[in-house]
Amino acid sequence: MNNNILLKVENLKTWFPIKKGLLRKIIGHVKAVDDISFQIPHGSTFGLVGESGSGKTTAARTIARLIHATGGKVYFNGENILPLHQSELRRIRKDISIVFQDPYSSLNPRMTVGSIIAEPLRIHKIAKGSELIDRIATLLQKVGLSAAHINRYPHEFSGGQRQRIGIARALAVEPKLVICDEPVSALDVSIQSQILNLLKDLQEQFRLTYLFIAHDLSVVEFISDIVAVMYLGKIVEIAPAVELYEKPLHPYTKLLLSAIPLPVPERKKSTAFVSEIGQEAPAGCPFSGRCPIADGFCCREIPPLEEKAPGHFAACFKT
Amino acid sequence: MTENGKILSIQNLSTFFDTELGVAKAVQDVSFEIEKGKTLALVGESGCGKSVTALSIMRLIPTPPGRIESGKIFYREHNILEFSEKQMRGIRGNKIAMIFQEPMTSLNPVYTIGDQIVEAITLHQKKTYEQAWSMAQEMLDKVRIPDPARRMSEYPHLLSGGMRQRVMIAMAISCKPSLLIADEPTTALDVTIQAQILDLLDELQQSENMSILLITHDLGVVAQRADDVAVMYASKIAEKCSCKELFKNPLHPYTQGLLHSLPQLGTRQKRLNTIAGNVPEPLNFPSGCKFHTRCPIGCNDKRCQTAEPELKEVSKDHFAACWYAPGYEK
């Protein structure tokens, strides 16, 4: 395996059973993540984009081993972490940390900022005593807060500041991979840009690797090196960020890009897609129900993710 | 007072809330007008008072703790702040309708879609249940809900977020209001659905010649849909002008900061511009100009720190509240 790859996901599947009746018989599955593969090189940012229900958060949580995978392999530093036993997981948890979407519900309101950040350090026995305090103070400064905040409680902070605390907690264990699950979508515009810059600075400083999940394409473009677009549990396109935005190949990516309201005062009629994301994937291409160029073949066969240009993959028969 | 074309005219509106920690001045001295068939966007970050302004217009401020301290709100030529609750019921939902941000929580889960729209119709119009039912069905068709006859007898949980927002819009326009207040109508929705809902509002506005007060924090949505814009910061209007002018020639440092801090698609920026600091809270507004703590000009300026600039016309139809805006008379 290539040494430069930190995370490699192969054919990952996460299915949730649908149960019915008195005996809770399994009558089918919701295929939240259905056979996705990608890899993230050391020190880069991999953006995962998609609408609600596309499976991006489920994918991330499966990779962090918070949800049980149905199938596939997740190699972290060359080691498949999916079969690891619960007792072996603590080792991995030190290397993979998460920044959550909602800074209001992801910090325990009864703990001080100091104890929130200290918790992972204590659990992983990284520091204690005065060294612990020093580390917390340094972390707070790194994320743009002051060491004087150590004894305050989360409710004393604004949304942006809370997200900074969440980032400090994620970085406390010196992780290699940070999963950022919509870290800025709950924040105000003027605060969003502060947090995005901070994430970029910290990445340079600590050579972090990010798996960055968002639904906002302009945010993802700013932060990512490679972007994957998910639709109904499948990856429909992967490409370097610049290429994806300049030459999108999959009709779904084109639809997403055209739907963003640009801050330019010029009325454009957006594309006339009437239908919405479905609950159940069709038999063929998952996008065939909404696609403007789909034909009968698309509705029957599932298009494979193919390399259409160097480094640019798309799952569409028509491109 | 109001000329023919103006549907809504707000003059020096102030809305305060009494809290245990003191008086929270959520909206102070806000004035704006909306003309017939036009869209005014009220932009601002959380806590700046944009939703409280909307609720004040609907007279839906919970009293106590809230109260409309001063000001006038003219709907056509009537000051609705002087209306009795009974008179107000004839306006609310009938002449002025509102759609809310959260389509998930603003529909009643124990009534069918049809019942909820029928309720809105029979409340304001003399219709039998059957007449109202068929009107409601027409409304669902109008907001392009497929198979409206079936949807009428379904419950909200069977609909997706975008569909629920369509139902909300159907309900809001069922009495043909002349003003629609849309409070963050697409914030909870995906981009593709957002585009559909905005298109729908656009069409309805044209076919019904309806005015829209669009409340949002998304400058992209503003650019695409608004005729005029008022930017709110910390309970006051910081800048007010036409939409084109705002994006071409923003004068208030806050507006400039907001526009510059957006990640721009297709430019591969290395870093984003930011506005330093945090959004102030209503109980803890800074002295002087409320933006001075975050402002690149105002942070070291004595006057900005002590004296608050009023909103003044700096060029034709362009208002700004900044001592340093070009054309601002001191």
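Calculation rules
- Residues numbered from 1 in each chain as written.
- Chains lettered and ligands numbered in written order.
- Predicted model: local features only at pLDDT ≥ 70, side-chain atom pairs only at ≥ 80, totals over all residues.
- Heavy atoms only, no water.
- Helix = DSSP H or I, 4+ residues; strand = E, 2+ residues; numbered from the N terminus.
- Buried < 20%, exposed > 50% of the residue type's maximum accessible area, 1.4 Å probe, protein only.
- Contact = heavy atoms within 4.5 Å.
- Patch = residues over 30% accessible without salt bridge, like charges linked within 9 Å, V, L, I, M, F, W, Y side chains within 5 Å.
- Areas by Shrake-Rupley, 256 points an atom, 1.4 Å probe, with all protein chains shown as cover.
- Salt bridge = Lys/Arg side-chain N within 4 Å of Asp/Glu carboxyl O.
- Polar contact = N/O pair within 3.5 Å; in protein donor to acceptor, adjacent residues only side chain to side chain.
- Buried area = accessible area lost by both parts, 1.4 Å probe.
- Pairing = 2+ DSSP bridges.
- Axes fitted to C-alpha atoms, helices over the stretch in contact; angles between N-to-C directions.
- pLDDT = per-residue confidence, 0-100.
- Expected span 1.5 Å × (residues − 1).

Description of the overall build of chain B
Within chain B, the regular secondary structure consists of eleven helices and twelve strands. Out of the 330 residues belonging to chain B, those deemed buried represent 55%. Look at the contacts in chain B between residues 6 or more apart in sequence, and 63% of them connect residues 24 or more apart.

Some points on a nonpolar patch on the surface
All names here are of chain A. A grouping of Phe-16, Ile-18, Ile-27 and Val-30 is seen on the molecular surface, where their side chains present a nonpolar patch of about 320 Å² in accessible area. Among the secondary structure elements, those contributing two or more residues to the nonpolar patch are strand S1 (5-20) and strand S2 (25-41). When you line up the elements, Ile-27 lands in strand S2. Accessibility expressed as a relative area gives 54% for Ile-27, which makes it exposed.

Let's talk about the environment of A:Tyr104
All names here are of chain A. Tracing the chain through its elements places Tyr-104 in the loop between strand S6 (96-99) and helix H3 (113-123). The exposure class of Tyr-104 is partly exposed, given its relative accessible area of 47%. For the pair Tyr-104 and His-155, spaced 51 residues apart in sequence, the C-alpha to C-alpha distance is 8.4 Å. A distance of 3.3 Å separates a polar side-chain atom of Tyr-104 from the backbone nitrogen of Gly-159.

Regarding the interface of chain A and chain B
Contact with chain A, which involves 43 residues of that partner, is made by 49 residues of chain B. Between chain A and chain B, roughly 4000 Å² of surface is buried when both sides are summed, and carbon and sulfur atoms account for 50% of that area. Applying the counting criterion to the chain A and chain B interface returns one salt bridge. Inspection of the chain A/chain B interface yields 13 residue pairs in polar contact (both at pLDDT 80 or more). For the side of chain A that touches chain B, the secondary structure elements donating two or more residues are helix H6 (189-206), helix H7 (217-223), helix H8 (241-246) and helix H9 (251-259) of chain A. Per element, the largest residue contribution to the side of chain A that touches chain B is nine residues, and it comes from H6(A).

Details of the sheet that holds S2(A)
Residue and element names in this part refer to chain A. The antiparallel open sheet is built from four strands, whose spatial order is S2-S1-S4-S5. Two strands lie at the open edges of the sheet, namely S2 and strand S5 (79-80), each paired on one side alone. Two elements, S1 and strand S4 (residues 71-76), share five bridges in a ladder whose sense is antiparallel. Following the sheet pairing, Glu-10 is matched in S4 by Lys-73.

Side note on the pairing of strand S3 (residues 39-43) of chain B
All names here are of chain B. Most of S3 sits inside the fold, with five of its five residues counted as buried. Here S3 shows a buried face lined by Thr-39, Ala-41 and Val-43 and a second buried face lined by Leu-40 and Leu-42. Looking at chain direction, S3 and strand S8 (residues 211-216) are connected through five bridges and run parallel. Looking at S8, one finds that Thr-39 is bridged to Ile-212. Bridging between S3 and strand S9 (residues 228-233) involves four bridges; their strand directions are parallel. Within the sheet, the bridge partner assigned to Leu-40 lies in S9 and is Asp-228.

What to know about the sheet that holds strand S5 (residues 78-79) of chain B
Residues and elements named next belong to chain B. Strands sit in the order S2-S1-S4-S5 across an open sheet of four strands; the sheet is antiparallel. Two strands lie at the open edges of the sheet, namely strand S2 (22-35) and S5, each paired on one side alone. Pairing geometry for strand S4 (residues 66-75) and S5, over two bridges, is antiparallel. Residue Phe-74 lies in a different strand from S5, and its bridge partner there is Asn-79. In this fold helix H1 (residues 50-57) packs onto strand S1 (6-19), S2 and S4, with an angle of close to 115 degrees to the strand it touches most, S1.

Some details on unusual backbone geometry
For the bond running from B:Thr63 to B:Pro64, omega is -20 degrees, close enough to zero to count as cis. Along the chain, B:Pro64 connects to B:Pro65 via a cis peptide bond; the corresponding omega equals 10 degrees. Residue position: B:Pro65 is located in the loop between H1 and S4. Of note in this structure, A:Arg65 is not a glycine but carries a positive phi near 60 degrees. By secondary structure assignment, the location of A:Arg65 is in the loop between helix H1 (56-63) and S4.

Let's talk about the confidence of the model for chain B
Here chain B averages 89 in pLDDT, while 99% of its residues score no lower than 70. Both scores are given for the predicted complex: the pTM is 0.85, the ipTM 0.79.

Thoughts on helix H7 (residues 191-208) of chain B
All names here are of chain B. Helix length check: H7 (18 residues) gives 26 Å between terminal C-alpha atoms against 26 Å at 1.5 Å per residue, within 8%. Within H7, 14 of the 18 residues are buried, leaving the element largely enclosed by the surrounding structure. Of the residues trailing H7, Asn-209 is marked for its positive phi of about 50 degrees.

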